[in-house]
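Here is how the chains run, residue by residue.
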Amino acid sequence: MGDHHHGPAKGLSRWLYTTNHKDIGTMYLWFSFAMFLLGGAFAMVIRAELFQPGMQLVEPGFFNQMTTLHGLVMVFGAIMPSFVGLANWLIPMMIGAPDMALPRMNNWSFWILPPAFLMLASTLLMEGGAPAFGWTFYAPLSTTYAPPSVTFFIFAIHILGVSSIMGSINIIATVMNMRAPGMTYMKMPLFVWTWLITAFLLVAVMPVLAGAVTMMLMDIHFGTSFFSAAGGGDPVLFQHIFWFFGHPEVYIIILPAFGVISQIIPAFSRKPLFGYASMVYATAGIAFLSFIVWAHHMYTVGMPVAGELFFMYATMLIAVPTGVKVFNWVTTMWRGAMTFETPMLFSIGFLVLFTIGGFTGLMLSIAPADFQYHDTYFVVAHFHYVMVAGAVFSMTAAVYFWLPKWTGRMYNETMGKVHFWVSFIGFNVTFFPQHFVGLAGMPRRIPDYALQFADFNMMSSIGAFIYGMSQLLFLYNVIAAIVSGEKVSDEKVWDGAEGLEWTLPSPAPYHTFETPPKLEKQPAY
Amino acid sequence: MLNARALAATALLPLAANAQNQINMSTGISEAGAVITDLGAEIYGLHMLIFWICVAIGIGVFGVMLYSIYAHRKSKGVEPSQFHEHTGVEIAWTVVPFFILVLMAVPATSTLLEVYDNDDAEMSILVTGYQWKWKYEYLDADGENIAFFSNLATSQEQIYNTDTKGENYLLEVDEPLVIPVDTKVRFLITANDVIHSWWVPEIAVKRDAIPGFINEAWTRVLAEGVYRGQCTELCGAYHGFMPVEVHVVGQGEFNDWMAAKRGAAATDAALAATELPVDELMARGEDVYNASCLACHGANGEGGLGNAIAGSTIAMGGLDPHLNVIVNGVAGTAMQAFGAQLSDIDVAAVTTFQRNAFGNNTGDVVQASDVVSYKEG
Amino acid sequence: MRLSQDPTIDTVAKLCSVSMAMFAFVFVVMVPLYNVLCDALGINGKTSSEAYISVSADVDETRFIKVQFIATNNDAMPWSFSPEVTEMLVHPGAANDTVFFAANPTMNAMVAQAIPSVSPSRAAEYFHKTECFCFEQQPLDGNDKAEMPLQFIVDQDLPADIKTITLSYTLFDVTALISDKVASR
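Keep in mind that this is a model prediction, so the values were computed, not measured.

S.K.: Lay out the overall build of chain B with the relevant residues and their values.
M.R.: Looking only at helices and strands, one finds 11 helices and 10 strands in chain B. Taking 2.2 N^0.38 as the reference for a compact globule, 377 residues should give roughly 21 Å; the C-alpha atoms of chain B span a radius of gyration of 28 Å, well beyond that estimate. For chain B, the spread of C-alpha atoms along the three principal axes comes to 95 × 50 × 40 Å. Burial analysis of chain B (377 residues in total) assigns 52% to the buried set. Within chain B, contacts between residues separated by at least 24 positions form 63% of all contacts whose residues are at least 6 apart in sequence. In chain B, 18 positive and 44 negative side-chain charges are present, and the distance between their average locations comes to 9 Å.

S.K.: Quick one: what's the story with the overall build of chain C, residue by residue and with numbers?
M.R.: Along chain C, the regular secondary structure elements total 1 helix and 9 strands. For chain C, the succession of helices and strands along the chain, N to C, is α-β-β-β-β-β-β-β-β-β. In summary, chain C has a C-alpha radius of gyration of 22 Å against a globular reference of 16 Å for 185 residues, an excess of more than 25%. Along the three orthogonal principal directions, the C-alpha set of chain C runs to about 70 × 50 × 25 Å. Buried positions account for 50% of the 185 residues belonging to chain C. Across chain C, every contact between residues at least 6 apart in sequence was considered, and the portion connecting residues at least 24 apart equals 75%.

S.K.: Describe the domain arrangement of chain C, listing the residues and the values that go with them.
M.R.: Considered domain by domain, chain C is made up of domain 1 (7-41) and domain 2 (47-184). Put simply, the middle of domain 1 of chain C and the middle of domain 2 of chain C, counted by C-alpha atoms, are 35 Å apart.

S.K.: Run through the interface of chain C and chain A, naming residues and quoting values.
M.R.: With 27 residues of chain C in contact, the opposing surface of chain A contributes 36 residues. Roughly 2600 Å² of surface becomes buried between chain C and chain A when both sides are summed, with 73% attributable to carbon and sulfur atoms. Area buried by chain C at its contact with chain A is led by Leu15, Phe27 and Tyr34 of chain C, which between them contribute 20% of it. The interface formed by chain C and chain A holds 0 salt bridges in total. Viewed at the interface, chain A and chain C are joined by 4 residue pairs in polar contact (both at pLDDT 80 or more). Of all the elements in the fold, those that place two or more residues in the side of chain C that touches chain A are α1 (7-41) and β5 (110-119) of chain C.

S.K.: I'd like to hear about helix α5 (residues 113-122) of chain A, residue by residue, with values.
M.R.: All names here are of chain A. Along α5, the residues that are buried comprise Leu113, Ala116, Phe117, Met119 and Leu120. Take α5 and look down its axis: the buried residues cluster within an arc of 155 degrees, on one side only. Packing partners of the buried residues in α5 comprise α2 (21-49), α3 (60-95), α4 (103-111) and α6 (150-177).

S.K.: If you had to explain the packing of aromatic side chains to someone new, which residues and values would you point to?
M.R.: The geometry of two aromatic rings is summed up by the distance between their centres and the angle between their planes. Taken as a whole and judged by the stated rule, the model has 85 aromatic pairs over all chains. Between the aromatic rings of Trp329 of chain A and Phe350 of chain A, the centroid separation amounts to 5.8 Å while the plane-to-plane angle is 85 degrees, which identifies the pairing as edge-to-face. With Trp329 of chain A in helix α11 (residues 319-333) and Phe350 of chain A in helix α12 (residues 342-365), this residue pair connects regions lying 21 residues apart in the sequence. Judged by relative accessible area, Phe350 of chain A falls into the buried class, the value being 0%. Sitting over the face of the ring of Trp218 of chain B, Lys184 of chain B holds its NZ or CZ atom 4.7 Å from the ring centroid.

S.K.: Tell me about the sheet that holds strand β2 (residues 80-83) of chain C, and please be specific about residues and values.
M.R.: Residues and elements named next belong to chain C. The 4 strands are arranged β2-β4-β8-β6 in an open sheet whose pairing can be described as antiparallel. Edge positions in the open sheet fall to β2 and β6 (127-132), since each of these has one partner strand only. Mean inter-strand twist for the sheet, computed between neighbouring axes without regard to direction, equals 25 degrees. Alignment of β2 against strand β4 (residues 95-103), held across 4 bridges, turns out to be antiparallel. Bridge pairing links Ser80 to Ala103 in β4.

S.K.: Outline the state of the cysteines, supporting the account with residue identities and numerical values.
M.R.: Scanning the entire structure with this criterion turns up 1 disulfide over all chains. Note that Cys132 of chain C is cross-linked by a disulfide to Cys134 of chain C, the S-S spacing being 2.3 Å. Between Cys132 of chain C and Cys134 of chain C, the disulfide has an S-S torsion of 130 degrees and is therefore right-handed. Each of the two residues, Cys132 of chain C as well as Cys134 of chain C, counts as buried. Cysteine Cys293 of chain B shares no disulfide, and the gap to the nearest cysteine sulfur, in Cys296 of chain B, comes to 9.1 Å.

S.K.: How would you explain the nonpolar core if you had to name every residue and give the values?
M.R.: Formed by 287 residues in total, the largest nonpolar core has its most connected members in Phe76 of chain A together with Trp198 of chain B. When near neighbours in sequence (up to four residues on either side) are disregarded, Phe76 of chain A contacts Pro81, Phe117, Trp135, Ile157, Leu160, Met206, Leu209, Phe245 and Glu249 of chain A. Core analysis: the second largest hydrophobic core is formed by 34 residues, Ala102, Met110, Cys134 and Tyr169 of chain C among them.

S.K.: Requested: an account of the interface of chain A and chain B, with residues and values cited.
M.R.: At the junction of the two partners, chain A supplies 97 residues and chain B supplies 86 residues. Taken together, the connections running from chain A to chain B amount to 0 salt bridges. Put simply, chain A and chain B have 24 residue pairs in polar contact (both at pLDDT 80 or more) between them. If you list the elements that add at least two residues to the side of chain A that touches chain B, you get α3, α8 (235-269), α10 (305-317), α11, α12, α13 (367-373), α15 (413-440) and α16 (454-484) of chain A. With 9 residues, α11 of chain A is the largest single contributor of residues to the side of chain A that touches chain B. Grouping the amino acids of the side of chain A that touches chain B by side-chain chemistry returns 61 nonpolar, 23 polar and 13 charged.

S.K.: Now, about the environment of Ala156 of chain A: what can you tell me, with residues and values included?
M.R.: Residue and element names in this part refer to chain A. Its location among the elements puts Ala156 in helix α6. Given a relative accessible area of 1%, Ala156 falls into the buried group. Put simply, Ala156 and Val305 are 149 residues apart on the chain and 37 Å apart in space, counted from C-alpha to C-alpha. For Ala156, the contacting residues outside a window of four places in its chain are Ala116, Met119 and Leu120.

S.K.: Any chance you could break down the domain arrangement of chain B for me, citing the residues and the numbers?
M.R.: All names here are of chain B. According to the domain assignment, chain B contains domain 1 (38-115), domain 2 (123-267) and domain 3 (275-375). In this complex, domain 2 contributes 11 residues to the contact, which on the side of domain 3 involves 9 residues. Between domain 2 and domain 3, the buried area comes to about 850 Å², and carbon and sulfur atoms account for 54% of it. For the interface between domain 2 and domain 3, the tally reads 0 salt bridges. At the surface where domain 2 touches domain 3, the tally comes to 4 residue pairs in polar contact (both at pLDDT 80 or more).

S.K.: So what's going on with the environment of Asp448 of chain A? Residues and values would help.
M.R.: Tracing the sequence through the fold places Asp448 of chain A in the loop between α15 and α16. Asp448 of chain A gets classed as buried once you look at its relative accessible area, which sits at 0%. Distance from Asp448 of chain A to Leu16 of chain A, taken between C-alpha atoms, is 45 Å for residues 432 residues apart in sequence. In terms of polar contacts, Asp448 of chain A uses its side chain to reach the side chain of Tyr169 of chain B, at 2.4 Å.

S.K.: So what's going on with the packing of helix α10 (residues 344-356) of chain B against helix α11 (residues 368-376) of chain B? Residues and values would help.
M.R.: Residue and element names in this part refer to chain B. Interaxial distance between α10 and α11 falls to 8 Å at its minimum, and their mutual angle equals 105 degrees. Put simply, α10 runs roughly perpendicular to α11. Contacts between α10 and α11 involve Asp344, Ile345, Val347 and Ala348 from the former and Ala368, Val371, Val372 and Lys375 from the latter. When its residues are assigned to classes, the contact of α10 with α11 shows 6 nonpolar, no polar and 2 charged.

S.K.: Would you mind going over the pairing of strand β2 (residues 133-139) of chain B in detail, with residue names and values included?
M.R.: All names here are of chain B. Within β2, 7 of the 7 residues are buried, which leaves it mostly tucked inside the rest of the structure. Along β2, one buried face is formed by Lys133, Lys135, Glu137 and Leu139 and the opposite face, lined by Trp134, Tyr136 and Tyr138, is buried too. Hairpin geometry of strand β1 (residues 123-130) and β2 is characterised by an intervening segment of 2 residues between the two adjacent antiparallel strands. Both β2 and strand β3 (residues 146-150) contribute to a ladder of 5 bridges, which runs antiparallel. Residue Tyr136 lies in a different strand from β3, and its bridge partner there is Phe148.

S.K.: So, a nonpolar patch on the surface: which residues are in play, and what are the values?
M.R.: Nonpolar side chains collect at one region of the surface, where Leu317 of chain A together with Ile91, Val95, Phe98, Phe99, Val102 and Val106 of chain B lie side by side and expose about 600 Å² of accessible area between them. The leading source of residues in the nonpolar patch is helix α3 (residues 87-115) of chain B, at 6 residues. Locating Val102 of chain B in the fold gives a position in helix α3. Residue Val102 of chain B is classed as partly exposed on the basis of its relative accessible area of 37%.

S.K.: Which residues make up the confidence of the model for chain C, and what values go with them?
M.R.: Residues and elements named next belong to chain C. With 96% of its residues at a pLDDT of at least 70, chain C reaches an overall mean of 88. This stretch, residues 180-185, has a pLDDT under 50; its non-local contacts, to residues over four places away or in other chains, come to 10 contacts. ipTM for the predicted complex: 0.94, alongside a pTM of 0.94.

Thresholds applied
- Residues numbered from 1 in each chain as written.
- Chains lettered and ligands numbered in written order.
- Predicted model: local features only at pLDDT ≥ 70, side-chain atom pairs only at ≥ 80, totals over all residues.
- Heavy atoms only, no water.
- Helix = DSSP H or I, 4+ residues; strand = E, 2+ residues; numbered from the N terminus.
- Rg over C-alpha atoms; globule rule 2.2 N^0.38 Å.
- Buried < 20%, exposed > 50% of the residue type's maximum accessible area, 1.4 Å probe, protein only.
- Contact = heavy atoms within 4.5 Å.
- Lys, Arg positive; Asp, Glu negative; His and termini not counted.
- Charge placed at Lys NZ, Arg CZ, Asp CG, Glu CD.
- Domains from an automatic or database assignment.
- Buried area = accessible area lost by both parts, 1.4 Å probe.
- Salt bridge = Lys/Arg side-chain N within 4 Å of Asp/Glu carboxyl O.
- Polar contact = N/O pair within 3.5 Å; in protein donor to acceptor, adjacent residues only side chain to side chain.
- Arc of directions from axis to C-beta.
- Phe/Tyr/Trp six-rings, centres within 6.5 Å; stacked < 30°, edge-to-face > 60°.
- Lys NZ or Arg CZ within 6 Å of the ring centre and 35° of its normal.
- Pairing = 2+ DSSP bridges.
- Axes fitted to C-alpha atoms, helices over the stretch in contact; angles between N-to-C directions.
- Disulfide = S-S within 2.5 Å.
- Core = buried A, V, L, I, M, F, W, Y, C linked by side-chain atoms within 4.5 Å.
- Nonpolar A, V, L, I, M, F, W, Y, C, P; charged D, E, K, R; others polar.
- Parallel < 35°, antiparallel > 145°, perpendicular 65-115°, else oblique.
- Patch = residues over 30% accessible without salt bridge, like charges linked within 9 Å, V, L, I, M, F, W, Y side chains within 5 Å.
- Areas by Shrake-Rupley, 256 points an atom, 1.4 Å probe, with all protein chains shown as cover.
- pLDDT = per-residue confidence, 0-100.

So this is what it looks like as structure tokens:
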């Protein structure tokens, strides 16, 4: 073991053939940011059409292609790969390992993503257009009534699934087998814990998504009737299978974000994370519960009342471990000595806005009330609060937090704060009014709406343009830091930062912990 | 059981005087103060109960957080504490929320059981979702079901911004559903093609319409009025253009309406035996075209989601192939079998219209009897 | 059980097995489980696709159940399809029969499949069809018509709070599908 070169290769082949977790992490992060901008462009088309009542810019069929691709690209192309990128960069350093357990598979996990998304985006140019059945692709709209591009959509999903599964196997193998001596499980940073649990979720449910799209493929091309009543099948079966994947999927999206916040808040409070053990148990509890709540996405489908009640109670229960986490973060801040640099601003923004999303989630879990919320903008508001103000804010905080460690350069703090405030205001102007129009009766996935929804939709669109522009500011901040940011000489960078990665030079060398570190400083937990 | 009306009446969020910029769910109570449905008011009360509990918890959590942000900052020169656990507190904030949830689950359960109380209805209506309209069929014990389609009535000009938008833009239909007040109505809901969902917010009924399966829902509307809703499950391109309009009227008015519907069916049947003048066929055909064909085939027959009618070889060619497309649909495409949806007169009228409008000018006149002979082979 | 000496490969092999097992789980467990639960409990309103073998038993004359019949066509199915009666009052335990009318207005031979659905869905397990046109596909030549029989018994154990049962048939055009498919019920 041990490579004998004196640094990374040069040129394109460095990136094509790299097995280095830092390089692969970097590629995941840049790729996911490009996908974030692509998905954001689709959102701009959506919000531009919804700026006023009437059809001004696009046809209804194309609008549905935009909403579908926006969801798919954001979930599978932006959020998930971005956290995998974080995992790649940070997990080996945090546990004192030289790299991931399977470096070559790591390379493949990344490199199959760009072709998959190229295939998905190219469906826009195919006859019949791109998939237009929503990112949740219910049958029979996505089978019997789907455009020809659905087959390419299915292939793309299979490829993404393989990438996620391989990445997760890699993470689990790394964490289970490569921790530095003395780093027991209960001494790992919480970010590593949340990713470990997330990886198990992924290994379990991505194959279920693969199963669902394979059944679609069979119904479309091979004459089966899984989801068609004509042949003895049932469209509702699709929904059960999809959401059996889909609900754990949303926890897959958020648990790593929880892990990031659990690293950043203690750092800027200069205080250890409160309740480390219960944070681990709460995360595991959320992951377990995520398997038994799926049908709360299906309350209006005509389930027997006993089923509705079971899913309602189980879903309400998730509020308990999630609440524990929120209380623990607040208590971490309590009687700390806080400073409010950009990563901390985004983390506090997360804490407030994710909690609001959690409250609307609790409202949605109440089945009889959900008959009025289901498939309206109230749901759209809820999941954007938890996914954007939750996962995306957390990812943004992570980038600002660890960028100095990755690159050896500091971003401009004033510009970072500007990015935060414009994002925070833009986000809330976009999505808070959507609670109102949803409650007032506006359904989801419509390109045009009744006049009473006009004012809030115009507000929401203005907010969306502001929020969208602010992400260009983020891009500028990151590039400016890399190219001309002030060099960082400290290992620690941040006053209160704890963890093995903060014992390394900044920027972290290409190969780190080739010999395992001695754990001198016992973490306070 | 929750006193829903009391809760709704004490709701602190003001309701806008008109529907514009409404920020909350329908209270289930009309502007005049009359209860629209008991279930709707109960659901609203439950919604507000959960909402206020969340607000209270939010004030607690954010209050502590904001105070901490103010008081526990390094710039105030504080030394950070190092405490990182407290078993008692951690148990408390696990157990107390659990009990709050139990408290919420009790009224939620009883309201859900109400939602499922579908039996003992006084009338049954079959609601079928089509791409992209609703069909209503009143089930009659003697088998004399009245059935009709309910299409979006808003004009394409309004949608494409060449005409000002009316007050009920996108929420108006040509044939509304009419039901009598204070009558338990059972809805049987299904779909013709893909999954749709039937929703009227003010009467708090929403149920998915699934092809090949039947779902049920019920309502008893206590206040006469017009209530509007929309399809709430993505069902294709015109998902946003298939509204629901329900007129709740007194029993007498309902009986009159039913009688008129039966009369119209009889009149149509009688008319079908006669020969209609061309201009009547063209006028009627244009109405049918606008309601049933225009969205896909264009206001000028130019096509869109569907093929062009103007200059079409089918519309200008033999009558039988033209009738075949209209009556039997085209399997594997979005062209439905309109023979099952339109009366013989309407088929004759729209066929006549297509053959002579948009510059087609074939001079052909199609009567209902032609359609009947076509169907009989 | 160790799958390999190398602990990393051991972990990887086990996780790969979990993934493959979960993929198989969808086809081998989820689909059959859904069908079994729906058949056994009638929870999606599906009734049995086989004829019910009845045993002689007492008719419960203390209650009437209203049975409604609905006939609908699926997309692009041009047949006319209607029940002879739209509702019947029956006693639990009694054998009842009725017919549905179907006519093929096109010039081509076609094959239809009627798919039943019962509401409330929990009544489905108490609704026994001793003979039903929905058990088989229905072929009709062009311009032909048929009277299709239905014989059923409502079980005496039907819960007391159910007083109305609606049986809905959706008629699908399966002409193109009949050639090689085994209907997976």
